[in-house]
Amino acid sequence: MPGLDGKATSIFAGKVVRKDLVRKVKVGANVPVFVLEYLLGKYCATDDPAAIEAGLRVINTTLSENFVRPDEANAVQSKVRDKGKYTLIDKIKVRYLSDDDKHWAEFVNFGHKFVHVPEQYMRQYDRLLMGGIWAQVNIRHQYDEEAKGKKSPFWIDDLKPIQVASFDLDEYRRCRMEFTTDEWIDLLLRSIGMEPLHFERRLKLLFLMRLLPLCEHNYNLVELGPRGTGKSYAYQELSPYTILLTGPTTVANLFYNMASGKIGLVGMWDAIGFDEVADLQKMPKEVVTTLKTYCESGAFARGKESMSGMASIAMFGNTNQPVEVMVRSSHLFVPMPDVIREDMAFLDRIHYYLPGWEVPKMKVEFFTDHYGFVVDYLAEALRELRKHNFTETIDRFFSLGSHLNARDVKAVRKTVSGLIKLVYPHGEVTREDVAELLETALEGRRRVKEQLKKMGSFEYHQTSFSYLDNDTREERFVGVPEQGGRDMISTDPLAPGSVYTASVDDQGKVGLYRLEVGCSPGTGKLKIAGGVEGPMKESIQRAYAYLRGQKGKMGIAQAVDTTDFHVEAIDLLSNRVPCEAGMALVVAVYSAVKKHSVLSGLLILGDMSIQGNIKPLRSLAEPLQVGMDNGARKALIPLENKRHFLEVSGDIVERVDPVFYSDPMTAAMKALGMT
């Protein structure tokens, strides 16, 4: 038996299983994976082919003869009555009824809620009282002559769990210490069915990130990527404590049903996965607003009640474009439904954005044939670890940089805590171990923040995430691999008639556009493309009316009279913030007529009235910050905004050269480098 397999089977005897056998048996058995794996761990924990074959026969026989299907409930009850005794496999729950002062067992598929159960089993298997367990049960039929309250003819003689019925976290931690970090990560990957030999360290950690909501309460994860990469697998097969929503839901189902007085899914499950995040679009708006509140604090209000839940939220969605295209043309939340795509307050509550495009599509060779944990055992470990907290571990070695605000710090701490629970559950970590996990956490949270910045909101412009070594005070910065979009404003000269422009709205959000003016023979008409509307369309029409009135003074009268101008505006940030682009239109038309490109890397700011009076911007800091982040090296700025230059950060002053203007003609000449 190979090294890691031998080590796993000896240290975790009966708690590991060969994953290729699971796939083989799963095809023909309609029982939960964790039940199959428990049986395989019990009967096939060997590398002897003959013993494995014998074990598989026992399992198949056991399932075929004893597994109860829900549609057979009546027939099996009759069979128990006729035979007197019967052995069956079913999920058993136990509840206490105060009216009878007695515990009753409920058989889910057998279809009976009142079965006599010996008291010893509740003490022996505590999970009977906490949601129930799958078990192999010897049941007998006997007239109930002693009962004072409810009577039932069914009695449990013997009960053998076929999933983990009790869990010892201390033992799990002690056993972890027998493995190196690399061995443990490989064992965890094999436990979810993947063969680690095909993946590099970074990809292994990304696979483990999918499990983080299972061991960290109130954790918010998003993974967007191509189809067929196994995004939601963990929420379907790995744990009996998670639920995967595959369609729209309601506030009553998800949070609290005021009619029945029962708490919803957030109070019943450890993690809730949204298989298609696009389904949020079909849900009532109330679901999204309540979810936004819940993702912040774990609390929500329904009626007169304020309640809380511990469930983590995981949202999965499919991307339809390569990441390079999304980075260059918009932002990485584009696959999200409209109802939350532009809701920056909601998106800011996401603790980690997992780059699904880095995960390869599942191939047969990626599945492991080696030993991994019985998933029910791993699920119990992760559930037990939810009660523990490692958020302060960072402080032993590092402190976080100045660009992280309160939400960023919370997200990073929760991610590091969850990764420690997965990789170092015994709590013994070195400086290098924490640094690796911390960089992973910072990257995932920065990916969220970068998209918020690209949407044009100035409040999110601080994205240079870093951490400092407490001993040496050395500061290390953490980027994101796909960090692009900084060259949306090209440093190469644009074609004549094309310019970059930006403006800021009253909420501090920035619109960044490329304005393109094309010429065709005509009579001086302005033809604006369909996507241009609102304040932007009005500002363009105003500027063109001024330009027609001043065409003689500007030396372009003949060209304007014999040309039709076609105007299109491309929203580079895809955030739909309207842009007052009067000055940009004047410069673009002048450039098109003169067949002369504007200066490379130039961003044009400012608007104008119909008489040519310059309208300054509300503020300079926001549009210059967004411009700089996207590649601007020069900015054409109204002279009246010169006093606002004092509010601009030193970083911008150093990297973006200001070019001031006081009238449209000066602006056009300076933009083309003619003065």
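Everything discussed here concerns the structure shown above.
Residues numbered from 1 in each chain as written. Predicted model: local features only at pLDDT ≥ 70, side-chain atom pairs only at ≥ 80, totals over all residues. Heavy atoms only, no water.

(A) Region of interest: the sheet that holds strand 27 (residues 634–638). Judged by pairing direction, the sheet is mixed, and its seven strands sit side by side in the order 22-23-21-20-24-27-28 without closing on themselves. Here the strands that pair on one side only, and so sit at the sheet edges, are strand 22 (526–528) and strand 28 (657–661). Along the sheet, successive strands turn relative to each other by an average axial angle of 30°, direction set aside. Where strand 22 lies against strand 23 (residues 563–571), three bridges are found, and the strand directions are parallel. For Ile 528, the partnering residue across the bridge sits in strand 23 and is Val 567. Here helix 23 (residues 582–594) sits on the sheet and contacts strand 20 (498–504), strand 21 (510–521), strand 23, strand 24 (602–605), strand 27 and strand 28; the angle it forms with strand 21, its principal contact strand, is near 35°. Lying on the sheet, helix 26 (residues 664–671) is in contact with strand 24, strand 27 and strand 28; it crosses strand 28 at an angle near 145°. (Pairing = 2+ DSSP bridges. Helix = DSSP H or I, 4+ residues; strand = E, 2+ residues; numbered from the N terminus. Axes fitted to C-alpha atoms, helices over the stretch in contact; angles between N-to-C directions. Contact = heavy atoms within 4.5 Å.)

(B) View of the packing of aromatic side chains. Scanning the model with the defined rule gives 30 aromatic pairs in all. A connected cluster of aromatic rings, assembled from ring pairs, spans Phe 12, Phe 167, Tyr 172, Phe 179, Trp 184, Phe 373 and Tyr 377. Across the ring face of Phe 179, the terminal group of Lys 7 is positioned such that the distance to the ring centre comes to 5.4 Å. Positioned above the aromatic ring of Trp 104, the side-chain terminus of Lys 102 is 5.0 Å from the ring centre. (Phe/Tyr/Trp six-rings, centres within 6.5 Å; stacked < 30°, edge-to-face > 60°. Lys NZ or Arg CZ within 6 Å of the ring centre and 35° of its normal.)

(C) Representation of the layout of surface pockets in the model. Roughly 410 Å³ of internal volume is contained in the largest pocket. Lining of the largest pocket is provided by 24 residues; of these, Ile 192, Gly 193, Tyr 233, Glu 237 and Phe 367 occupy positions nearest its centre. Those elements giving two or more residues to the lining of the largest pocket turn out to be helix 2 (19–26), helix 3 (33–43) and helix 11 (233–238). Lining the second largest pocket are 14 residues, and of these Met 130, Glu 380, Arg 383, Glu 384 and Lys 387 lie nearest its centre. Of the residues belonging to the lining of the second largest pocket, the class tally is four nonpolar, two polar and eight charged. (1 Å grid on protein atoms, 1.4 Å probe; cavity = no way out; pocket = protein on both sides within 12 Å on 5 of 7 lines; lining within 4 Å. Points joined across faces, edges and corners; volume = space filled by probe spheres on them. Nonpolar A, V, L, I, M, F, W, Y, C, P; charged D, E, K, R; others polar.)

(D) Geometry of the packing of helix 23 against helix 26. The geometry of helix 23 relative to helix 26 is characterised by a closest axis approach of 9 Å and an angle of 55° between their N-to-C directions. The orientation of helix 23 relative to helix 26 falls into the category oblique. For the crossing formed where helix 23 meets helix 26, the hand is right-handed. Mapping the contact onto sequence places Met 583, Val 586, Val 587 and Tyr 590 in helix 23 and Pro 664, Met 665, Ala 667, Ala 668, Met 669 and Ala 671 in helix 26. (Parallel < 35°, antiparallel > 145°, perpendicular 65-115°, else oblique. Left-handed = near helix turned anticlockwise from the far one by under 90°.)

(E) How the structure looks around the pairing of strand 7 (residues 220–225). Of all the six residues making up strand 7, six are buried; the element is thus mostly covered by neighbouring parts of the structure. Burial of strand 7 is two-sided: the residues Asn 220, Val 222 and Leu 224 facing one way and the residues Leu 221, Glu 223 and Gly 225 facing the other way are all buried. In this structure, strand 7 lies alongside strand 14 (residues 312–318), joined through six bridges in parallel fashion. Following the sheet pairing, Asn 220 is matched in strand 14 by Ile 313. As judged from the four bridges shared by strand 7 and strand 15 (residues 352–355), these two strands associate in the parallel manner. Bridging across to strand 15, Leu 224 finds its partner in Pro 355. (Buried < 20%, exposed > 50% of the residue type's maximum accessible area, 1.4 Å probe, protein only.)

(F) Region of interest: helix 14 (residues 285–297). With 13 residues, helix 14 extends 19 Å between its outermost C-alpha atoms, agreeing within 8% with the 18 Å of an ideal straight helix rising 1.5 Å per residue. Along helix 14, the positions that sit buried rather than exposed are Val 287, Val 288, Thr 290, Leu 291, Tyr 294 and Cys 295. Down the axis of helix 14, the smallest arc covering the buried residues is 165°, so these residues share one side. Exposed residues on helix 14 whose side chains face more than 90 degrees from its buried face are Lys 285 and Ser 297. Gly 298, located one to two residues past helix 14, shows a positive phi value of around 80°. (Expected span 1.5 Å × (residues − 1). Arc of directions from axis to C-beta.)

Coordinates in, geometry out; function isn't part of it.
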